[in-house]
Amino acid sequence: MNAPKHGDEVERQELSHLLPRPGTPGLSPARSQRLEEYLMQEVTQAGTQAQAAPAAAVKRGMPRWSLIAAPAAALAVAAALAVSVTGSGDGMSPDDSVAMASVITVQPASAHGATAFLSQVADAASKQKTPAVGAHQFIYIKSKVGFTHQVKQRTIGGPAKLDAVHQREVWLAADPSKNGLIHEGGQNITIHNSGPGVVNPDEASQPPRPGTVPQIASLSTDPDTLLKQIYTATRGQAPGKDAAAFNWVGETVSESIVPGDVASSIWRAAAKIPGVVLVKDATDAAGRHGEAIAHVAGGERTEYIFDRNTHLFLGERSYLIKDTPEGKAGMLTGTSAVLSRAVVNKIGDHPTGTRA
């Protein structure tokens, strides 16, 4: 007979099926290679450290943008949530890539006003009308993105360089049994379906993991309850408790369609994360200026940017606020701008008036 699980572990497993998985990263060839190298390095280091007497110094966590949601990416390898890359060859127009300054001025930030600002963001989100997503439809997100990659091959944490900002399109299936697609950098990246949930050997059976749309719709609209669920779901993730919770927020809202009451709850929960600050001037990948809420981990600041007037989400930006082995203070590690969100009937469809 198997020993009973501790209450916290049972709760965590249950919540893992209620909360949506972090947003699926769009892996360009460079970032895909970097993920493989990271995983191989971790395996190698594990074997080496087992034979080493003194403990090595803890290395800085990987930036959110240079390898989005590394725990989720590693889980993808272990639990068969996978992506495969093919050439475009489908008639889609080529992406427009634009080089941008890779170093910016580090903006002042303050905890003062952050809660009040996020209250305005939450109010604006609650008034947004979101389209219904049918069981056989797809969520379409068009954006501009730019990520960092390592200057030297087969290195992690060394000097990095920002890729040119380029177009990214995502089709996410409402039905978790269907594949999705990312079109980025002239390539098609298949998001393979998640299938059933991971089997728990201590249970006779386990219900299938719900799809992204119902998961998000079922999130708690009470900010305190939601924040507890977020902390439980992200427990043990890099780069730390509060930073992981803050990253979960961005990963959940950036490439999805979130009902207004849920979005409002997410932003009110974000206001309760320790270390959240307000940045009065931030610019997304499309050059749009706005205000941002931000969080710092390992010398890197991650910002979620909002329109000054409507308080609606525009995009994200991450950059170093101090010198690190990766680069100098002010070096961008990632930038994005959401240009379009819609519901379409099949992969490859575009909303009316949206150019591919």
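Cut-offs and rules
- Residues numbered from 1 in each chain as written.
- Predicted model: local features only at pLDDT ≥ 70, side-chain atom pairs only at ≥ 80, totals over all residues.
- Heavy atoms only, no water.
- Helix = DSSP H or I, 4+ residues; strand = E, 2+ residues; numbered from the N terminus.
- Buried < 20%, exposed > 50% of the residue type's maximum accessible area, 1.4 Å probe, protein only.
- Contact = heavy atoms within 4.5 Å.
- Areas by Shrake-Rupley, 256 points an atom, 1.4 Å probe, with all protein chains shown as cover.
- Axes fitted to C-alpha atoms, helices over the stretch in contact; angles between N-to-C directions.
- Parallel < 35°, antiparallel > 145°, perpendicular 65-115°, else oblique.
- Left-handed = near helix turned anticlockwise from the far one by under 90°.
- Nonpolar A, V, L, I, M, F, W, Y, C, P; charged D, E, K, R; others polar.
- Expected span 1.5 Å × (residues − 1).
- Arc of directions from axis to C-beta.
- Salt bridge = Lys/Arg side-chain N within 4 Å of Asp/Glu carboxyl O.
- Core = buried A, V, L, I, M, F, W, Y, C linked by side-chain atoms within 4.5 Å.
- Phe/Tyr/Trp six-rings, centres within 6.5 Å; stacked < 30°, edge-to-face > 60°.
- Lys NZ or Arg CZ within 6 Å of the ring centre and 35° of its normal.
- Polar contact = N/O pair within 3.5 Å; in protein donor to acceptor, adjacent residues only side chain to side chain.
- Pairing = 2+ DSSP bridges.
- pLDDT = per-residue confidence, 0-100.

Draft legend 1. Up close: the overall build of the protein chain. Looking only at helices and strands, one finds 8 helices and 11 strands in the protein chain. Per-residue burial over the protein chain gives 45% buried out of 356 residues. Intrachain contacts of the protein chain at a sequence separation of at least 6 include 66% that bridge at least 24 residues. Of the accessible surface of the protein chain, which amounts to about 16,900 Å², a share of 56% is contributed by carbon and sulfur atoms.

Draft legend 2. Representation of the packing of helix H6 (residues 223-233) against helix H7 (residues 241-253) in the model. Contact pair H6 / H7: the axes reach a minimum separation of 9 Å and the direction vectors enclose 110 degrees. One element, H6, and the other, H7, form an angle in the roughly perpendicular class. Judged by the sense of rotation from one axis to the other, the crossing of H6 with H7 is right-handed. Contacts from Leu226, Ile230 and Tyr231 of H6 reach H7 at Lys241, Asp242, Ala245 and Trp248. Among the residues forming the contact of H6 with H7, the class breakdown is 5 nonpolar, no polar and 2 charged.

Draft legend 3. Region of interest: helix H4 (residues 114-126). Here H4 spans 18 Å end to end across 13 residues, near enough to the 18 Å set by a 1.5 Å rise per residue. Turning to H4, its buried residues number three or more, namely Ala114, Phe117, Leu118, Val121, Ala122, Ala124 and Ala125. The arc that holds the buried residues of H4, viewed along the axis, is 160 degrees, so those residues lie on one side. Residues of H4 that are buried sit in contact with helix H8 (260-270), strand S7 (277-283), strand S8 (289-297) and strand S9 (300-306).

Draft legend 4. Expanded view of the pattern of salt bridges. Overall, the coordinates contain 11 salt bridges when judged by the stated rule. Here Arg301 and Glu303 are joined by a salt bridge, their closest N and O atoms 3.9 Å apart. Ionic pairing is found between Arg317 and Glu303, a salt bridge with its closest N-O pair at 3.0 Å. Within this pair, whereas Arg317 is found in strand S10 (residues 313-320), its partner Glu303 is found in strand S9, the two being separated by 14 residues in sequence. The same class applies to Arg317 as to Glu303, namely buried. Ionic contacts of the salt-bridge type, sharing partners, join the residues Arg168, Glu184 and Glu255 into one network.

Draft legend 5. Inspection of the nonpolar core at higher detail. Ranked by size, the top nonpolar core spans 40 residues in total, and within it Ile266, Trp267, Ile293, Tyr304 and Phe306 carry the most contacts. Of all the secondary-structure elements, those providing two or more residues to this core are H4, strand S2 (138-150), strand S4 (166-173), strand S6 (187-191), H6, H7, H8 and S9. When residues no more than four places from it in sequence are discounted, the contact partners of Phe306 are Phe117, Val121, Trp267, Gly290, Glu291, Ile293, His311, Leu312, Phe313 and Leu314. Of all hydrophobic cores here, the second largest spans 7 residues; its members include Val279, Ala292, Ala294 and Ile305.

Draft legend 6. Examining the packing of aromatic side chains more closely. All told, the structure shown has 7 aromatic pairs when counted by the stated rule. Ring geometry for Tyr140 versus Trp171: centroids 5.3 Å apart, planes at 55 degrees, classification tilted. Within this pair, whereas Tyr140 is found in strand S2, its partner Trp171 is found in strand S4, the two being separated by 31 residues in sequence. For the pair Tyr140 and Trp171, one class covers both residues: buried. For the cation-ring pair, Lys241 lies above Tyr231, with the distance from its terminal atom to the ring centre recorded as 4.8 Å.

Draft legend 7. Structural view of the side chain of His295. Structurally, His295 is set in strand S8. In terms of polar contacts, His295 uses its side chain to reach the backbone carbonyl oxygen of Pro274, at 3.0 Å. Setting aside residues up to four positions removed in sequence, His295 forms contacts with Asp242, Ala243, Phe246, Ile273, Pro274, Gly275, Val276, Glu300, Arg301 and Thr302.

Draft legend 8. Just unusual backbone geometry, in detail. In this structure, His311 takes a positive phi of about 65 degrees despite not being glycine. On the secondary structure map, His311 appears in the loop between S9 and S10. Note on His311: relative accessible area 14%, which makes it buried.

Draft legend 9. Fine view of the pairing of S6. In terms of residue burial, S6 counts as a mostly covered element, since 4 of its 5 residues are buried. The sheet contact formed by strand S5 (residues 180-184) and S6 spans 5 bridges and is antiparallel. From the neighbouring strand, Leu181 faces S6, where its bridge partner is Thr190. Linkage of S5 to S6, two consecutive antiparallel strands, is achieved through a turn of 2 residues, within which Gly185 is found at a positive phi near 60 degrees.

Draft legend 10. Summary view of the environment of Leu332. Mapped onto the secondary structure, Leu332 falls in strand S11 (residues 332-344). Considered as a pair, Leu332 and Val106 are 226 residues apart in the sequence and their alpha carbons are 10.0 Å apart.

Draft legend 11. Spatial organisation of the confidence of the model for the protein chain. Looking at the protein chain as a whole, its pLDDT mean stands at 73, while 62% of the residues score no less than 70. pLDDT under 50 marks residues 21-85. Its contacts with residues more than four places away, or in other chains, come to 109 contacts. Low pLDDT (under 50) marks residues 195-211, which in the prediction has 30 contacts with non-local residues, meaning those over four places away or in another chain.

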